[in-house]
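Topology and contacts: notes
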Number of protein chains: 2
Amino acid sequence: MTLEKSPWQEAAEAKRQAILEAIPKKWRVERIPPVEEQVDVTGGYIHQYLSPQEIEITEADAVAIASHTTLGEWSAVEVTEAFCHRAAIAHQLVNCLHEVFFEDALEVAAGLDASFAKTGKPTGPLHGLPISLKDQFHVRGVETTMGYVGWIGTFEGRKDDPRSKVAESELVRELRNLGAVPFCKTSVPTTLMAAETANNIIGYTWNPRNRHLSSGGSSGGEGALIALRGSPAGFGTDIGGSIRVPAAFNGVFGLRPSAGRMPYEGAANSMDGQNTILSVVGPLATSIRSLRLLFKAVLSEKPWMSDPMTLALPWKEDLDTETQKLILASNENPGLLSFGILHHDGVVQPHPPVKHALMLVEGMLRSRGHQVVSLDPRYFQAGHEIATKTFNTDGGEDLLRHIALSGEAQLPQCFIQAGKQSNATEIAVLNVQKRLYQKAFLDYWNNTSKETGTKPIDAIICPVAPHAAVRPGQFHHTGYTSFVNVLDYPSAAISVMNADRSVHKAEDARGFLSEVDKRVYLEYDAEIYHGAPVGIQLIGRRLEEEKVLALAEFIAKQLADLQL
Amino acid sequence: MTLEKSPWQEAAEAKRQAILEAIPKKWRVERIPPVEEQVDVTGGYIHQYLSPQEIEITEADAVAIASHTTLGEWSAVEVTEAFCHRAAIAHQLVNCLHEVFFEDALEVAAGLDASFAKTGKPTGPLHGLPISLKDQFHVRGVETTMGYVGWIGTFEGRKDDPRSKVAESELVRELRNLGAVPFCKTSVPTTLMAAETANNIIGYTWNPRNRHLSSGGSSGGEGALIALRGSPAGFGTDIGGSIRVPAAFNGVFGLRPSAGRMPYEGAANSMDGQNTILSVVGPLATSIRSLRLLFKAVLSEKPWMSDPMTLALPWKEDLDTETQKLILASNENPGLLSFGILHHDGVVQPHPPVKHALMLVEGMLRSRGHQVVSLDPRYFQAGHEIATKTFNTDGGEDLLRHIALSGEAQLPQCFIQAGKQSNATEIAVLNVQKRLYQKAFLDYWNNTSKETGTKPIDAIICPVAPHAAVRPGQFHHTGYTSFVNVLDYPSAAISVMNADRSVHKAEDARGFLSEVDKRVYLEYDAEIYHGAPVGIQLIGRRLEEEKVLALAEFIAKQLADLQL
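Worth saying up front: this structure is predicted, and the values here are computed from it rather than measured.

**Focus on the nonpolar core**
Phe102, Phe235, Phe339, Ile461, Ile494, Leu538 and Ile555 of chain B are the most contacted members of the largest nonpolar core, which has 122 residues in total. By residue number, the principal contributor to this core is helix H5 (residues 76-94) of chain B, which donates 11 residues. In contact with Phe339 of chain B, other than residues within four places in its own chain, are Leu365, His370, Gln371, Val372, Val373, Ile457, Ala459, Ile461, Leu538, Leu551, Phe554 and Ile555 of chain B. Core analysis: the next-biggest nonpolar cluster, separate from the first, contains 120 residues, Leu126, Ala224, Val354 and Leu358 of chain A among them.

See below:
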């Protein structure tokens, strides 16, 4: 007996097949081992498909690559081809791509090489650097489905729209100006409002370090692809944790900037026009310095001249320099740097690997004499409540409408519930609530000077989630990231370590902060989580991305030294 | 037969009486002449009540005053007392004050003088400068009614709220730090959503230049008081023209900054939490350089450290310098400066005095060789439509609720209509519409380089309203200001001239752009408008307040030279 496939299933399957077929035959993998046979597909495992030269190129970070390509030491074509190859393998291993446009990318790369040969100069600071893009950004020549079956063959769900495969998002235009080479678009969960990445087109995007686990979301394809070094760097978006969660879950780095720093113009979105909490664009990469390269490069394009939502705020050289000096001075006088730390948010206690990661960072800071102040969980819970309300103001209408386009099955990961629409007065009340929360938090931050005895803390350190890269269906609490979106503070996700079954034993039963705390506690399993990456966040004051990047780099460096 | 007064009428009358009684007896005016007897109460008329020294002090602009007070040449007490006296007369002539706290102000001034005597230094750049405040800002010791009878004796309508007469808005705190002396709060229309200033407490705020006419709104009390030199400078707010309209109507200057530059924290507001178009705080004064003094001084207080809605954007010294250099260079090479001009917005043609003011500015610029490009009205209309929709999203609920507190009579000036609430989806659609408008306008601005042949225009010049200071009940079209709020561009209102019955004859009948155009046309009357101030706007790119101020000063100076 064969079951009839519904039209949406057929459309999804055709699209899934088309993605695969966009991968050159020579790069197809005959057999993907089941997870029981091969849990971790990074590093040594994926190397089997690559030449030594490809490995050398793809394991360099974006800064190293750009230093070679802008000097003409590596050609744009060889770099692009290496990443196309590796991305092709990555997708076959973990389902991380929505669009594959290697041919276009190689053509762009050839153009860059020709230009370099002619002028002896790079096109821009990102000359020849391949860049992956979350499947919200429009790229000429390819579709944007954002995981919706109903968007296949349309422009954001609109049939016969002339912008289909023609429009290009502002960010993409700027990346091209900078010499970057967009080459693929990465997977997202249907609706974007999920912390795992799954949709009816490509299925589930698995965590490359441990294919039992999720790659996080909603920029899960970015996280997984970059962890597999199928891309040196890419751009995601974050409205509740969607850059930081996949960065942390995949052992890479990500920056959620404050709203208005990176251009969102001309990108697709969920719940477009909901402006209580704005989704923001930010980079993911394999090093903090690569995040800085991308962030700074995009700002050099003055995106505010083309995107009305971007603030006229160039890269703040002075804040960067000031922070670098502060870090340097703190070698002699460690009291100069101080941090707030959130051990738990009063709702869910972190799993043992996350506790360990926090302890490691805290211990490292304390051992160097820096001040670390414990923060009050109550200031964090309130933010999450506002975020939850905000995401549900339209009662799920936008998401349901896009799902209804094809009649596709709904996926369980989405954390939006169908319900009543809020009216203007209710939204206004929520906006006031948000402002009062922002004010209370700002005062709280300023008042930490009483605890440090000198000045307010420089940054906040806290978990990204209660767990390392999570087991499918077990992401129940986004409170560790969503409050940051309500505050609109910049936050960097920093990769710290991997869960280790021999170290991170399940804890004995304890008192619980909430029902969800109990549930999360019970779901910990040292065996299954083994190898799962764990990251932390470093959060700064609003619009101080430069300081966050400098401090995050400082911490990442200390951690790297520690592990030597 | 005597009519019984309703409780709200009694409450309003008691408050009106209390305001008068807060004015020292020695400053009471026995007889206010009817308008038929005395149209213009500025200058010579008000001088009869003042000593030569008081006149000297009060006719200096804020910059001149601060230069004397910060050097100890004028005492804070003598300056404050002079302005208190003149403000007291002003209020009796045109009903421009809601709160009078001269005693507190004189105490603050005495403290400043004592501090100067002790240290030999001013407290800050605004040392001893009296500042008036629109009655949205909370000041310790006095009420905030915002014109609502139901707010009398409450905190924003809440009875027994401990913040009543205790809370102080962030801006006020900063002004005190800077050495300024808040001394009175100025009148606003009930609901704030009106371009004339009238409420059931103080009645109608008349235009001091011509008491047949309106002082504009919603910062009408500020405009009228400053025009009478009852205050050297003050702060208003603007969500649809509420700083620019009263500045222009009263022959003074005003700046509507982009959202996020001046602190709104802790101020009362209408429709708080409506965040499609944000109301903004900005200065009004008798010179552009005074606007700069206030704007720069407040930024030096780093308001973003206490107000989560203020952007971490200090005064941009570089943009100011760059613009000053551009202006200087344009003396030699006038092609360096270029302006867009909007002659009409496609909905309502300006009255003869406004046409004349525009022609004067355009002619002055052209005669100096600067480029002037005519702008397309269609780009302006769309903005006004979005503003109108935005202000009506809550169907008037917020305004009606505050009116209902006392059951007071509704006033006809408010341009909000009771109606249906928008839901979250409708608001999101509106927000997207707004962004698309902002994008189209930004592209349009950038494309003016095609018309100038060099670079895009530096600024836009356009009317503030279709008319000079308007006749009561005849402000029918706010489209000349509201599009700026949708775009969130900085705009300075520049005083240009006064209507003159011998020059500005009514035009012959002509074709009309709309019904409202016809209505406005028919309402022109050269006799009644005689003496009414006319201003124009100078609009810059978002967050470029420094450039707007520099260019506005340049134009104001040229106009002043012209009139010599």
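**Notes on the sheet that holds strand E3 (residues 181-186) of chain A**
Residue and element names in this part refer to chain A. Strand order across the open sheet formed by 11 strands is E1-E3-E2-E6-E8-E7-E12-E13-E11-E9-E10, with mixed pairing between neighbours. This sheet does not close on itself; its edge strands, each paired only once, are strand E1 (97-100) and strand E10 (371-374). Averaged over all pairs of adjacent strands, the angle between strand axes in this sheet comes to 25°, irrespective of strand direction. Sheet topology note: the strand E6 (residues 233-238)/strand E8 (residues 280-285) ladder contains six bridges and is antiparallel. What sits directly across from Asp238, in E8, is Val280. Against the sheet, helix H8 (residues 220-227) touches E1, strand E2 (130-134), E3, E6 and E8, its axis set at about 150° to E2. Taken strand by strand, helix H12 (residues 352-367) contacts strand E9 (338-341), E10, strand E11 (459-463), strand E12 (491-498) and strand E13 (533-539), and its axis lies near 105° from that of E12.

**Concerning the relation of the copies chain A and chain B**
Placing chain A over chain B gives an RMSD of 0.0 Å and needs a rotation angle of 180°, together with 0.0 Å of translation along the axis. Such values leave the two copies arranged in the relation of a two-fold axis. Nearest to the rotation axis, the C-alpha of Asn423 of chain A is located 2.1 Å from it, this being the minimum over chain A. Mapped onto chain B, 100% of the interface residues of chain A again fall at the interface, so both copies present the same surface.

**Some points on the UniProt feature "active site" (unreviewed entry) in chain A**
All names here are of chain A. The UniProt record annotates "active site" (unreviewed entry) at Lys134, Ser218 and Ser242. For the annotated residues, spread through 109 residues, the largest C-alpha to C-alpha distance comes to 10.7 Å, consistent with a single compact locus. Classification of Lys134 by relative accessible area gives buried; the value is 0%. Contact partners of Lys134, with chain neighbours within four places excluded, come to Lys185, Thr186, Val188, Leu192, Ser218, Ser219, Glu222, Phe235, Gly236, Thr237 and Ser242. Mapping Ser242 onto the fold places it in the loop between E6 and helix H9 (244-249). Ser242 sits in the buried class, given a relative accessible area of 7%. Residues contacting Ser242, with those up to four places away along its chain left out, are Lys134, Leu192, Gly217, Ser218, Ser219 and Thr237.

The rules we used
- Residues numbered from 1 in each chain as written.
- Chains lettered and ligands numbered in written order.
- Predicted model: local features only at pLDDT ≥ 70, side-chain atom pairs only at ≥ 80, totals over all residues.
- Heavy atoms only, no water.
- Core = buried A, V, L, I, M, F, W, Y, C linked by side-chain atoms within 4.5 Å.
- Buried < 20%, exposed > 50% of the residue type's maximum accessible area, 1.4 Å probe, protein only.
- Helix = DSSP H or I, 4+ residues; strand = E, 2+ residues; numbered from the N terminus.
- Contact = heavy atoms within 4.5 Å.
- Pairing = 2+ DSSP bridges.
- Axes fitted to C-alpha atoms, helices over the stretch in contact; angles between N-to-C directions.
- Least-squares fit on C-alpha atoms with pLDDT ≥ 70 in both.
- UniProt positions renumbered as here; feature names shortened; annotations may be inferred.

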